[in-house]
Amino acid sequence: MLGLMQNRPLLISGLIAHAERHHGDGEIVSRRVEGDIHRYQWRDVARRSRQVANALDAMNLLFSDRVATLAWNGYRHLELYFGVSGSGRVLHTINPRLHPEQIAWIANHAEDQVLCFDMTFLPLVQAVHAKCSTIKQYVALCEADKLPQDSGIPNLVSYESWIGGQSPEYEWPAFDENSASSMCYTSGTTGNPKAALYSHRSTILHAYAAALPDVMGLSARDAVLPVVPMFHVNAWGIPYSAALTGCKLVFPGPALDGKSVYELVEAEQVTYAAGVPTVWQMLLGHLKPNGLRFSSLKRTVIGGSACPPAMIDAFREDYGVEVLHAWGMTEMSPLGTLCTLKNKHLTMSPEDQMKIRLKQGRAIYGVDLKIVGDAGEELPWDGKTFGDLYVKGPWVVREYFKGEGGDPLVNGWFPTGDVATIDPDGYMQITDRSKDVIKSGGEWISSIDIENIAMAHPAVQMAACVGMRHPKWDERPVVAVVKRPGMEVTREELLKFYEGKIAKWQIPDDVVFVETIPLGATGKMLKTRLREQLKDYKLPTA
Ligand code: AMP
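Cut-offs used in this document
- Starting afresh in each chain, residues are numbered from 1 along the sequence in its written order.
- Confidence filtering applies because this is a predicted model: local features only for residues at pLDDT of at least 70, side-chain atom pairs given and counted only at 80 or more, and all residues used for totals across whole chains, interfaces and linings.
- Side-chain figures throughout are based on the complete set of non-hydrogen atoms in the structure, without hydrogens or water.
- Pairing between two strands requires that DSSP report at least two bridges joining them.
- Helical segments are the DSSP runs of H or I of at least four residues, strand segments are the runs of E of at least two, and each set is numbered from the N terminus.
- Note on method: axes are straight lines fitted to C-alpha atoms, helices fitted across the in-contact stretch only, with angles between N-to-C directions ranging 0 to 180 degrees.
- Proximity is defined per residue: any heavy atom of the residue falling within 4 Å of a molecule or strand makes that residue near it.
- Polar contacts, as used here, are pairs of N or O atoms within 3.5 Å; protein pairs need one atom able to donate a hydrogen and one able to accept it. Residues neighboring in sequence count only if both atoms are side-chain atoms.
- The residue classification treats Ala, Val, Leu, Ile, Met, Phe, Trp, Tyr, Cys and Pro as nonpolar and Asp, Glu, Lys and Arg as charged. All others, Gly included, are polar.
- A helix is expected to reach a length of 1.5 Å times the quantity of its residues less one.
- Three exposure classes are used, based on accessible area relative to the maximum for each residue type with a 1.4 Å probe and protein chains only: buried under 20%, partly exposed in between, and exposed over 50%.
- What marks off one domain from the next here is an automatic or database domain assignment.
- Should any heavy atoms of two residues lie within 4.5 Å, those residues are considered in contact.
- The term buried area denotes the loss of accessible surface (1.4 Å probe radius) that occurs when two parts are joined, taken as the sum for both partners.
- Just to be clear on terms, a salt bridge is a Lys or Arg side-chain nitrogen sitting within 4 Å of an Asp or Glu carboxyl oxygen.

1. Things to note about the sheet that holds strand S25 (residues 510-513)
Thinking step 1. With mixed pairing, three strands are arranged side by side in an open sheet as S23-S24-S25. Strands with a single pairing partner mark the edges of an open sheet, and in this sheet they are strand S23 (460-470) and S25. Between one strand axis and the next, the sheet turns by 30° as a mean value, whatever way the strands run.
Thinking step 2. Across ten bridges, S23 lies against strand S24 (residues 474-483) in antiparallel orientation. Bridge pairing in S24 links Val460 to Lys483.

Written out as structure tokens, the structure is:
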């Protein structure tokens with residue numbers, strides 16, 4: 001016997017329709033690329049996202065066609081979130097920090113039809129457009145009079161003229177909730193970037209879960225500042241959870257330095273913020289010497305990299321702000337765990353509570369976790385035994401876009417590439433990473449790419465790249481190099497050799513010359529051994 005409740009598909013258009021009808025006067029405030037502050041309301045987001053949908057229809061874009069963005073966090077990007085996905089197309093948010101070659105590769109792989117970009121990225125689009133073979137419309141996110149006349153970019157319109165002539169009336173189509181809604185490429189894997197392809201259903205379920213009290217705990221009374229970029233796993237799903245709860249949204253645009261973020265928090269009375277440790281480092285670095293306090297900020301969710309204990313302390317003790325340590329990944333939409341205490345922890349000493357707060361947290365309903373050993377056996381939840389962390393759930397990838405990399409699952413579980421412990425209360429703690437990538441300031445660097453470039457140098461026999469702890473960037477790459485017998489190369493020459501081959505921020509901070517690189521039985525480089533060997537090494541940049 002089937003239940004007799006209405007079977008309405010879970011669609012992203014439903015979120016914006018809800019926000020308009022029930023929170024129409026809720027504010028959206030954005031610092032624009034132009035530097036000024038723009039403010040309007042949820043009802044305006046809804047109206048203009050319908051104009052976006054009409055503009056896409058006018059181009060005869062098909063269902064599931066990809067519309068890409070290269071944009072900061074701002075109101076126009078928000079309208080694209082709802083207009084593109086709501087009308088049945090797929091929003092492809094591109095990370096502008098990637099190397100231009102990689103951006104072109106990604107746009108072609110996704111077969112993007114339209115690219116909408118902030119004017120900050122005009123030079124980037126000028127550099128890549130000739131290589132992007134599928135894009136037929138470029139849209140600059142600006143007013144008509146700001147559009148450059150001689151950009152050399154074909155079929156370029158301003159966003160305001162693109163949607164300006166369109167009707168604000170639009171009937172959101174109903175379709176299967178399992179249809180694709182948005183996609184995000186991750187370079188946190190080996191090989192070419194791979195895309196997680198989210199569905200309407202996975203996005204809505206994630207938005208519900210994210211808003212729960214022990215997760216992000218968002219409400220209509222919050223003013224939320226997502227510093228985490230909208231090009232990085234949909235700003236952790238905050239735009240969707242915001243429409244669902246009707247909270248106020250505050251967008252920082254391109255100004256992510258401590259002073260600009262602080263001023264926005266105060267001016268807009270932000271109660272809740274979200275970002276990677278690096279941006280909070282910059283914020284704390286601005287507060288302390290200037291003797292500043294927060295007048296409204298209550299909670300901040302920190303994830304993407306491990307949150308240092310000193311940061312949790314500083315926010316709590318010095319500024320009265322609760323830190324919610326979160327873990328997740330692009331392949332998980334992204335939330336997997338969040339660290340909030342249970343009732344029994346409340347009577348513990350602050351030191352014991354801190355030991356829990358440092359962990360990445362416990363599973364959100366919808367995500368299941370396990371740790372496994374080398375033979376695939378499940379390991380105990382004793383808080384000590386560590387193993388490969390596997391996850392499953394309705395907002396975890398089943399397969400990458402176009403089947404890249406083959407079937408990623410192991411008996412229905414997704415291996416995260418993280419190594420973790422789980423304690424008897426279900427709190428997970430990341431202890432290491434088994435994937436061959438380094439995370440710097442929340443962005444990925446492939447150690448394999450770094451090694452391959454070094455090995456292309458005639459004087460290099462072997463190279464191994466490892467991530468080293470860095471106080472600001474969390475990790476920075478260092479490359480250990482064995483020179484070819486009889487050949488010479490200096491650190492400076494090798495660092496120069498990287499220029500132009502990868503993005504500047506991906507170039508290693510240092511080269512360490514070694515006699516040998518430790519190898520395992522199968523000839524694979526033993527990075528764990530190398531890290532041990534370099535344990536007293538100090539980064540020149542730290
Ligand atoms: P991404 O797909 O770029 O969001 O990166 C996901 C990866 O970032 C995870 O697999 C972890 O390696 C790392 N990560 C995310 N959050 C945390 C955290 N709170 N602590 C430690 N590592 C994290």
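2. Points about the site of the ligand
Thinking step 1. Ala326, Thr330, Asp418, Lys435 and Trp444 are the nearest of the 16 residues found near the ligand.
Thinking step 2. Within the contact set of the ligand, a nitrogen atom lies 3.0 Å away from a backbone nitrogen or oxygen of Gly304.
Thinking step 3. Side-chain polar atom of Lys435 to an oxygen atom of the ligand: 2.7 Å apart, as the coordinates give it.
Thinking step 4. No other element matches the four residues that strand S14 (residues 322-328) contributes to the shell around the ligand.
Thinking step 5. Residues that form the shell around the ligand fall into these classes: five nonpolar, seven polar and four charged.

3. A word on helix H3 (residues 75-86)
Thinking step 1. Along its twelve residues, H3 runs 16 Å from first to last C-alpha, staying within 8% of the 16 Å computed at 1.5 Å per residue.
Thinking step 2. Among the residues of H3, those classed as buried are Tyr75, Arg76, His77, Leu78, Glu79, Leu80, Tyr81, Phe82, Gly83, Val84, Ser85 and Gly86.
Thinking step 3. Of the residues trailing H3, Gly88 is marked for its positive phi of about 100°.

4. Here we look at the domain arrangement of the chain
Thinking step 1. When the domains of the chain are assigned, the result is domain 1 (9-25 + 42-200) and domain 2 (436-533).
Thinking step 2. For domain 1 and domain 2, the distance between their C-alpha centres works out to 36 Å.
Thinking step 3. The partner domain 2 presents ten residues to the eight residues of domain 1 that form the contact.
Thinking step 4. In this assembly, domain 1 packs against domain 2 so that about 730 Å² is buried in total across both faces, 51% of it on carbon and sulfur atoms.
Thinking step 5. On the surface where domain 1 and domain 2 come into contact, there are one salt bridge.
Thinking step 6. Between Arg97 and Glu443 there is a salt bridge; the shortest N-O distance is 2.7 Å.
Thinking step 7. Our count for the contact surface shared by domain 1 and domain 2 stands at three residue pairs in polar contact (both at pLDDT 80 or more).
Thinking step 8. A per-class count over the side of domain 1 that touches domain 2 returns no nonpolar, seven polar and one charged.

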